[in-house]
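# Observations on chain architecture
Take a look at the letters that make up each chain.
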Amino acid sequence: MLRADLLNAWVMRAGDDLDASLAATPGPDPLNSGKAAWATGVIPVSTSRPALGLSHTMTHHEPRTQLSTHTVENQSEPLVGVNWHGGDAILSSAVARAGGAAHADRLNAFGAEVGSERVQELGRVANENPPRFKPFDRFGHRIDEVEFHPAYHELMGLGLSNGVSSAAWTVDEAGHVLHAALLMLMGNADAGVCCPQSMTYASVPALKHADWTGDWIKGATSGAYDHRFLPPDQKSGLTIGMAMTEKQGGSDVRANMTRAAAISDDEVELTGHKWFCSAPMSDGFLTLAYEGEGDAPALSCFLVPRWRPDGTRNAIEIQRLKDKLGDKSNASSEIEYRQAWARRIGEPGRGVRTIIEMVNHTRLDCLAGSAGLIRSAAAHAVWHAERRSAFQRRLIDQPLMREVLAELGLEAEAAVALAFRVAEAFDKAETDPHEAGLARLLTPIAKYWICKRAPYIAYEAMEAHGGAGYVEEHPLPRMFRQSPLNAIWEGSGNVIALDVLRALSRDAGAREALSAELDAVRGAYAALDLKIHSLETMMMTGVGETDARRFTETAAHCFTAAALIRAGLEPAAEGYVARRIAENATTLGAGGAKIDAEWLIGRAGVSA
């Protein structure tokens, strides 16, 4: 195995300097195939061998078990060699119910690749070798580039080539259902690379607001990963980022101070800063800035490429990379626009309306990503409990542990069912008014609740492992650090809860969709009927800002139960109503209502 410093030095060398033996290595993987692959810059995916510099497998060959002081036994093993779609009853059935059955073969192939030891090792290495900011080259020229470990590039190639960013826009049916499933699967390899892939997917609706963005849309939906820092017309695939928030405003984007000076009708030069610029290595960024003079400037949306039309580097200066709690493989940054060239998308003064389409789609990804994390956490706990014993019994056979595992499975069923109800609504919104209204209201409700559940569920899965789940060699610490992100990104809890109230007050279609969706499950369970009644009472009497979280959480419980009932998952629906609505115990395993532990645990596991 190559030393990391030698590997990084090798990656940065020009193609002509590569060792001849590496250049002669057959196969498509650019990390193993020498200068031909690096000359193109397009990262295909190798399924036949590990990336250069990575250990061949996560399972060490013939480790010693008979030691001088003890024998190593009663230990679990890495959760690898499984199919995160074909071997996952929760996910695969949810995709089929939501209209995505035609994509089963595609998802099975991706699920097997994601579950392989090779890809799991890529995720570990990419997070242990985070990106580095390179403001200047060695001669002092300003370059503002980000350097990534080869494992990151291979993960990006894996996701983009399998359609994480493009599938929703390139298939004929159930595109957003397929996208949500692909994103969840990608998260099982590494959640960090999901960020740029998600934003690239979500940029497409916003880009459609201009008639000159066809090449950008084509690049964003190409299904190719081209890591080279070149003008977009020289690349086979593009990624799109977002830069909206500023230090003084945060979620209040109308407090922005960035200004646009007109060059032509829709071309401007931007001057200002952005406190959070996700994925600064992207080829372009959607951003907000004020244009026009006087007391009422217009807040407009612009696309800011990394390159100016004349082929020179645009004046987008990265100030630093954020040192984040999690999401370590992904670069997030602060940037400054110093008369950076940009072009308007949408109408002047309609910037929020334009970029909100990107925000809505990234919110789908927030809730889908957190649902995937919850589902993965449950699978890890069951996997470990099947392989570890205590007090002369396997953990999975211990009555109290079974209660906890069953509720982990219940949380996974609930989160996945609700997430795919939203994805299904996205797919049907264009032709079905009920689904359109439901998508507008259910997206923030589901985003609020699922994302807030993720940290607690990750912790419970970690506790089920004991101390072994707390050490960094296990995937759960990385999962735990990742778990708060989606609740913060694209609107924290208060912002999202207030968005729910705005949708209710301004959108009759959303109100009608809420009533119709819940009417369909009345009479199924008495406790659910009472919860629906309390929700309707709040709506009739008026919901103030201080009640926004209470209303949103109540709605989330009602819609989750409705999603489980609609899915025909009777044991999960019955358990959810009993433990989350009728009782609402504070911690997993603390409820008194009987639940079908055998069924819930059986579906919570994952296999090859």
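Note on numbering: residues in each chain are counted from 1, in written sequence order. A pLDDT threshold of at least 70 governs which residues receive local features in this predicted model, and a stricter bar of 80 or more applies before side-chain atom pairs are shown or counted, although totals over entire chains, interfaces and linings include all residues. Heavy atoms from the whole structure form the basis of all side-chain values; hydrogens and water molecules are not counted.

## Topic: the pairing of strand 6 (residues 284-291)
Buried means the residue's accessible area, taken with a 1.4 Å probe over protein chains only, is under 20% of the maximum for its type, while exposed means over 50%, and partly exposed covers the values in between. Runs of H or I in DSSP of at least four residues are treated as helices and runs of E of at least two as strands, each being numbered from the N terminus. Most of strand 6 sits out of view: eight of its eight residues are buried. Side chains Gly 284, Leu 286, Leu 288 and Tyr 290 of strand 6 all project onto a buried face; the interleaved residues Phe 285, Thr 287, Ala 289 and Glu 291 project onto the opposite face, where all are buried too. One ladder, built from four bridges, connects strand 3 (residues 240-243) with strand 6; its direction is parallel. Bridging from a neighbouring strand, Met 242 pairs with Leu 286 of strand 6. As paired strands, strand 4 (residues 259-262) and strand 6 are joined by two bridges and run parallel to one another. Bridged to Ala 260 within strand 6 is Glu 291. Two strands qualify as a pair provided DSSP detects at least 2 bridges between them. Relative to strand 7 (residues 298-305), strand 6 is paired through eight bridges, and the arrangement is antiparallel. The residue bridging Ala 289 from the neighbouring strand is Ser 300, located in strand 7. Adjacent in sequence and paired antiparallel, strand 6 and strand 7 are bridged by six residues, among which Gly 292 carries a positive phi angle near 100°.

## Here we look at the confidence of the model for the protein
Every residue is assigned a pLDDT by the predictor, reflecting its confidence on a scale from 0 to 100. In the predicted model, the protein carries a mean pLDDT of 91, and the fraction of residues at 70 or more is 90%. Any pair of residues with heavy atoms lying within 4.5 Å of one another is described as a contacting pair. Taken together, the stretch residues 1-39 has pLDDT below 50 and engages in 66 contacts with residues farther than four places along the chain or on a different chain. Predicted confidence for residues 46-53 stays below pLDDT 50, and this span has 31 contacts to residues more than four positions away or in other chains.

## Considerations on the pairing of strand 3
Alternating positions in strand 3 separate into two faces, Ile 240 and Met 242 on one and Gly 241 and Ala 243 on the other, with burial throughout. Pairing geometry for strand 3 and strand 5 (residues 267-278), over two bridges, is antiparallel. When the bridges of strand 5 are listed, Met 242 appears paired with Ser 278.

## Some points on empty space enclosed by the protein
The pocket and cavity definitions rest on a 1 Å grid over protein atoms only: a 1.4 Å probe that fits but cannot leave marks a cavity, an open set with protein on both sides within 12 Å along at least five of seven lines marks a pocket, and residues lining either have an atom within 4 Å of a point. Grid points are joined across faces, edges and corners, and a volume is the space filled by probe spheres set on the points. Tallying each qualifying case throughout the model produces four cavities of 30 Å³ or more. Of the pockets and cavities examined, the largest cavity occupies roughly 520 Å³. Every residue lining the largest cavity is counted, 32 residues in all, and those nearest its centre are Gly 187, Asp 190, Ala 191, Leu 373 and Gln 482. Counting only elements with at least two residues in the lining of the largest cavity, the list comes to helix 6 (117-128), helix 9 (175-189), helix 10 (194-207), helix 12 (351-387), helix 15 (475-482) and helix 16 (485-488).

## With respect to the side chain of Asn 127
The topology assignment puts Asn 127 in helix 6. Apart from residues lying up to four places away in sequence, Asn 127 is in contact with Asp 190, Lys 328, Ser 329 and Arg 478.

## Let's talk about the packing of helix 14 (residues 433-465) against helix 20 (residues 548-566)
Lines fitted to C-alpha atoms define the axes here, with helix axes fitted over just the stretch in contact, and angles between the N-to-C directions of these axes take values from 0 to 180 degrees. One can describe the packing of helix 14 onto helix 20 by two numbers: an axis separation of 9 Å at closest approach and a directional angle of 100°. Classed by the angle they form, the pair helix 14 and helix 20 counts as roughly perpendicular. In this structure, helix 14 uses Leu 438, Leu 442, Ile 445, Tyr 448, Trp 449 and Lys 452 to contact helix 20, whose residues at the interface are Arg 549, Thr 552, Glu 553, Ala 555, Ala 556, His 557, Phe 559 and Thr 560. Here the term charged refers only to Asp, Glu, Lys and Arg, the term nonpolar to Ala, Val, Leu, Ile, Met, Phe, Trp, Tyr, Cys and Pro, and the term polar to all other amino acids, Gly among them. Here the contact of helix 14 with helix 20 is composed, by residue class, of eight nonpolar, three polar and three charged. Each angle receives one of four descriptions, namely roughly parallel if under 35 degrees, roughly antiparallel if over 145, roughly perpendicular if within 65 to 115, and oblique otherwise.

## Looking at the environment of Gly 349
The residue Gly 349 is located in the loop between strand 9 (332-345) and helix 12 in this model. Sequence spacing of Gly 349 and Ser 300 is 49 residues, and the spatial spacing of their C-alpha atoms is 4.8 Å.

## Points about the side chain of Lys 235
Secondary-structure assignment places Lys 235 in the loop between helix 11 (214-220) and strand 3. From its side chain, Lys 235 meets the backbone oxygen of Asp 226 in a polar contact 2.9 Å long. Any pair of N or O atoms that falls within 3.5 Å is considered a polar contact. Within protein, one atom must be able to donate a hydrogen and the other to accept it, and sequence-neighbouring residues count only if both atoms are side-chain atoms. Within polar-contact distance, the side chain of Lys 235 engages the side chain of Asp 283 at 2.8 Å. Not counting the four nearest positions on each side in its chain, Lys 235 is found in contact with Asp 226, Arg 228, Leu 230 and Asp 283.

## Quick look at the state of the cysteines
Disulfides are defined as pairs of cysteine sulfur atoms found within 2.5 Å of each other. Scanning the entire structure with this criterion turns up zero disulfides. Of all cysteine sulfurs in the structure, the one in Cys 195 sits closest to Cys 277, which takes part in no disulfide; the separation is 9.8 Å.

## Digging into the environment of Ala 181
Within the fold, Ala 181 resides in helix 9. What makes Ala 181 buried here is its relative accessible area of 0%. Put simply, Ala 181 and Ala 423 are 242 residues apart on the chain and 9.5 Å apart in space, counted from C-alpha to C-alpha. In this view, Ala 181 contacts Val 95, Leu 107 and Phe 420; residues no more than four positions away in its chain are not counted.

## Thoughts on the environment of Ala 555
Tracing the backbone through its elements, the reader meets Ala 555 in helix 20. Sequence separation between Ala 555 and Gly 542 is 13 residues; the distance between their C-alpha atoms is 15 Å.

## Quick notes on unusual backbone geometry
Despite not being glycine, Asp 327 has its phi angle at roughly 55°, a positive value. Checked against the element boundaries, Asp 327 lands in the loop between strand 8 (316-321) and strand 9. Its relative accessible area of 7% is what places Asp 327 among the buried residues. Here the phi dihedral of Gln 392 falls at roughly 70°; this positive angle occurs in a residue that is not glycine. With respect to the secondary-structure elements, Gln 392 resides in the loop between strand 10 (389-390) and strand 11 (393-394).

## Overview of the pattern of salt bridges
A pairing counts as a salt bridge when a side-chain nitrogen of Lys or Arg comes within 4 Å of a carboxyl oxygen of Asp or Glu. A full pass over the atoms with the stated rule returns 43 salt bridges. Arg 118 is the salt-bridge partner of Glu 154, the closest N and O atoms lying 2.3 Å from each other. With Glu 154 in helix 7 (residues 150-161) and Arg 118 in helix 6, the pair connects residues that are 36 residues apart, well separated along the chain. Note on Arg 118: relative accessible area 12%, which makes it buried. Through salt bridges with shared partners, a single ionic network connects Glu 403, Glu 407, Glu 411, Arg 453, Arg 579, Arg 580 and Glu 583.

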